[in-house]
Amino acid sequence: MGKTIMFVDDSTTMRQLVVFTLKDAGYSVVEAVNGKDALSKIPSVKIDMLITDLNMPEMDGMQLIKAFRSMGGYRFTPAFILTTENHADKKAEASKAGATGWMVKPFVPQNLIGLIQKFLN
Amino acid sequence: MDMERMWGTFIEEMQEKLAEIESGLLVLESAPDDMDLINTIFRAVHTVKGSSGAMGQTDISGFAHSVEEVLDALRNGAFRADHSVVDLLLKGADTLREMMCAIAAREAPDMVRANEVKQLIKTALEAKAGQTTPGSVEAAAESAIPSECDCGDIQNQYLIRFMPDMDMFRRGLNPVRIFDDLRDLGTVVSIRAVTDRVPGIFEIDPETAYMGWEIVINTCSGREELLAPFEFLSATSDITISQIKSDDVNSLGIMLIREGIVSEQDVRESLNDQKRLGEILVEKGKASQECIDRVLDKQRTAKADTFSGNVASSIRVDIKKLDHLINLVGEMVIIHSIFFQLLSKNGGAHNDASNGGEISDTVNTEQVSAILSQLQRIGKDIQESTMSLRMLPVGEVFHRFHRLVRELAATRSMEIDLILSGEETEMDKSVLEKISDPMVHLVRNAIDHGLESVEERLACGKPARGSVHLNAYQAGDAVYIEVEDDGRGLNRERIMSKAIEKGIVPEGEPLTDEQVWQLIFMPGFSTAKNVSDVSGRGVGMDVVKRNIEALNGRVAVQTSPGRGSIISLRIPLTLAIIDGLIVSVGEERYIIPITAVEESFRPRPTDVKTVSGRGELVDIRGQYLRLIRLHEHFRIDNPRLNPWEAIVVVVHYEGKKCCLLADELLGQQQVVIKNLGKALPKVADIAGGTILGDGRVALVLDVGGIVSIADLEDAYARA
């Protein structure tokens, strides 16, 4: 399909699972282990969507999305946060940071595909 | 991608996270306000929750959520990490570990215990926060209530008024997608734009979402499903859904609940209600609850202990070591090609580039020799490098003891400090795993029998806090591990009387102190008042000794009454290629590891003396060292009997020195030590065997072993 997704999560298991699921669905995937890592990789790839975990060391998901939005060309790119917090204030915070939306953990990676297809097609 | 590999990575990662959680919690106890630490522990639990959920392990995921709630409360300052909280969290960590063991073994985790701990957490949170905990996010699997819609039947009409978050576009959201989603839920009757917020044309910012919409839709879906398409905007937008027609017939389950015949809880509980084997047996009177509990406890600890056994065997490797190894292999490849080129360069007409380079007839032996020795060096480096990949720092095992010491101290009402040193000392991974259990026993022993109670210690003028010191260091070709305590030390009289009582030693036997201390390693010796600690685990001091000796190691004891004891373990490093001195004795060939050799020489007749009761001694520059005749030791025929016609090799072991008598020194070379094979029993004086260049088998000597056997033989001879 030619679309590239960046997935950011400090958990090896999560990255492995999600990368596998996304590649299987025909997407190209770029991985990063936390916000800082992601920001260092973004300039050299053109990504069509960003999916990031919330709680990560060095730079968390919120900060990443804020920084992401201020990078050239990514103002309207879909950017999702993975969060287990079901609290309303976290979601509001995410929205304010510029996140398109969120996916609640724990989730089955197949559900992620549905969400991605909605926003990338 | 292999499911097995993914599973393996998942289990490994969970193991790492659980270790992080546990060690973090132990530190937390002494630093309850360390927010960074609390956050680190939180993230680890969070990862466990997320990853296990993603792998479909909803039980563990749900339980991790409960634990996470406590940590979240700590993060928010709702309460402090005092002893009871840390205890609760440790229970949670233990439960997670047990559940993880179960699934690693492809079994279902024990929900009874998990639910108990969940309840404890719930109570704690309620008590501290003074309010009921918010409903936890249960994984979808637990919900047994059927959803409402019987599609195709009853449709309702709704009016949805949607005034979006003005930042909608800046977040990458598109209203068209939302309308498409709504169309999937039913029939959209009409969409009308609401332009109340749209400013004048010159003030319009194209990136801001001013417009709103009113949508009328016919659907059998309920309110919740209608809100789904607005999921990411509902918090920051104005959305109202009003039903235009009234409700109709609902499903049975919902009706029962609505009519108050059963509660949602009842239904949920009924589904989780399942009698366990233990319960049934108790009910039938086949076993007492006590017994069941006791066995369950054992099972639990046993499972937790065998956790690592269920993980696919893999190891984390320092990338620097890998890079070094890759470099070495690269060098070897280069030397190979130089070699090959060398061989094909020399020689005459037979050489033809087109046939791929034949080996020529004439070769410059000097160059070949140089290359071969280079190859040999590289080969050895590669071997060492590869072996070192398996080396892990002993700290990996040492750190587990914090938990053990903490628990033992708590149950025995003692105060104990655990001090670690030399944690960076490296050992082979499998050897490390094998000394883990013996060390556990030694530490338990130090605490149970060595350290005194607080009152006793104070009475003796010792500090109330007892200490256990684990130390590791490398010396020569072995790693030494010491377990030291500052307790009451070993009591010679008590050990002697116990040994005499058990018939291990005849009454009146004169034994040196050292020999008395070694008695504690005799089978059946255990002064076990605490049978419960030892039973079911199959560990006793004799097993410790056996396990260490199975690794070609040794156990030694030093003790000082009233001051404490040190148990030292000596574990040889297994490096299979060594530099050895080849000696001949009669027709046999033996190899003495260079690391054990100090010097070798041919003595003068006057240098060798025989002293009654002490055997032969050799005078080396004024120092007299014991002489052990290898031909006597190994019962070899036709040796050279006179030391001044043979060779004396001065060797050292464990800080002591002695001399070995052999016929001739044949040379020094690198030698690959091979095990003698499973058919032969392990002996103290032989470390292995090898094949020499001429095809003969040579045995590699263990100097320390030779000396111990010589000691034993002397003792027998004198008796």
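Predicted model only: the values in this text are computed from it and were never measured.

What counts, and where the lines are drawn
Residues numbered from 1 in each chain as written. Chains lettered and ligands numbered in written order. Predicted model: local features only at pLDDT ≥ 70, side-chain atom pairs only at ≥ 80, totals over all residues. Heavy atoms only, no water. Pairing = 2+ DSSP bridges. Helix = DSSP H or I, 4+ residues; strand = E, 2+ residues; numbered from the N terminus. Axes fitted to C-alpha atoms, helices over the stretch in contact; angles between N-to-C directions. Contact = heavy atoms within 4.5 Å. Parallel < 35°, antiparallel > 145°, perpendicular 65-115°, else oblique. Left-handed = near helix turned anticlockwise from the far one by under 90°. Nonpolar A, V, L, I, M, F, W, Y, C, P; charged D, E, K, R; others polar. Core = buried A, V, L, I, M, F, W, Y, C linked by side-chain atoms within 4.5 Å. Buried < 20%, exposed > 50% of the residue type's maximum accessible area, 1.4 Å probe, protein only.

(A) Broad picture of the sheet that holds strand S6 (residues 416–421) of chain B. Residue and element names in this part refer to chain B. If you walk across this open sheet you meet the 5 strands as S6-S8-S9-S11-S10, and the pairing is mixed. The open sheet is flanked by S6 and strand S10 (554–560), the only strands paired with a single partner. Going from strand to strand, the sheet's axes swing by 15° on average, the running direction of each strand aside. Contacting S6, strand S8 (466–475), strand S9 (478–485) and strand S11 (564–572), helix H17 (residues 429–450) crosses the sheet at an angle of about 20° to S9. Helix-sheet contacts for helix H22 (residues 541–550) involve S10 and S11, and the interaxial angle to S11 is about 30°.

(B) Examining the packing of helix H2 (residues 35–54) of chain B against helix H3 (residues 58–75) of chain B more closely. All names here are of chain B. At a closest axis distance of 9 Å, the pairing of H2 and H3 adopts a crossing angle of 160°. Considered as vectors, H2 and H3 are oriented roughly antiparallel to each other. Note on packing geometry: the crossing formed by H2 with H3 is left-handed. Across from Met35, Ile38, Asn39, Ile41, Phe42, Val45, His46, Val48, Lys49, Ser52 and Gly53 in H2, the residues of H3 making contact are Ile60, Ser61, Ala64, His65, Val67, Glu68, Leu71, Asp72, Leu74 and Arg75.

(C) Seen up close, the packing of helix H16 (residues 400–411) of chain B against H17 of chain B. All names here are of chain B. The contact between H16 and H17 brings their axes to 11 Å, and the two run at 30°. When the axes of H16 and H17 are compared, the pair comes out roughly parallel. Two packed elements cross with a definite hand, and for H16 against H17 that hand is right-handed. Contact residues: Arg400, Phe401, Leu404, Val405 and Leu408 in H16; Ser436, Met439, Val440, Val443, Arg444 and Ile447 in H17. Partitioning the contact of H16 with H17 into residue classes produces 8 nonpolar, 1 polar and 2 charged.

(D) Just the nonpolar core, in detail. Judged by nonpolar contacts, the single largest core of 105 residues is most densely connected at Ile116 of chain A together with Ile21 and Ile160 of chain B. Formed by 49 residues, the second largest nonpolar core is a distinct cluster that contains Ala409, Met427, Val544 and Ile548 of chain B.

(E) Looking closely at the pairing of S10 of chain B. Residues and elements named next belong to chain B. Alternating residues of S10 divide into Val555, Val557 and Thr559, all buried, and Arg554, Ala556, Gln558 and Ser560, none buried. Summarising the sheet, S10 and S11 pair through 7 bridges and their orientation is antiparallel. Pairing of Gln558 across the sheet is with Ile566, part of S11. The antiparallel hairpin formed by S10 and S11 contains 3 residues in its connecting segment, where Gly562 sits at a positive phi of about 80°.

(F) Looking closely at the sheet that holds strand S19 (residues 656–662) of chain B. Residue and element names in this part refer to chain B. Strand order in the open sheet made by the 6 strands is S14-S18-S19-S17-S16-S15, with mixed pairing throughout. At either end of the open sheet lies a strand with only one pairing partner, and these are strand S14 (597–601) and strand S15 (608–611). Taken pair by pair, the neighbouring strands of this sheet meet at an average axis angle of 35°, ignoring direction. With 7 bridges connecting them, strand S18 (residues 647–653) and S19 associate as antiparallel partners. By the bridge assignment for S19, Ile647 is matched with Ala662.

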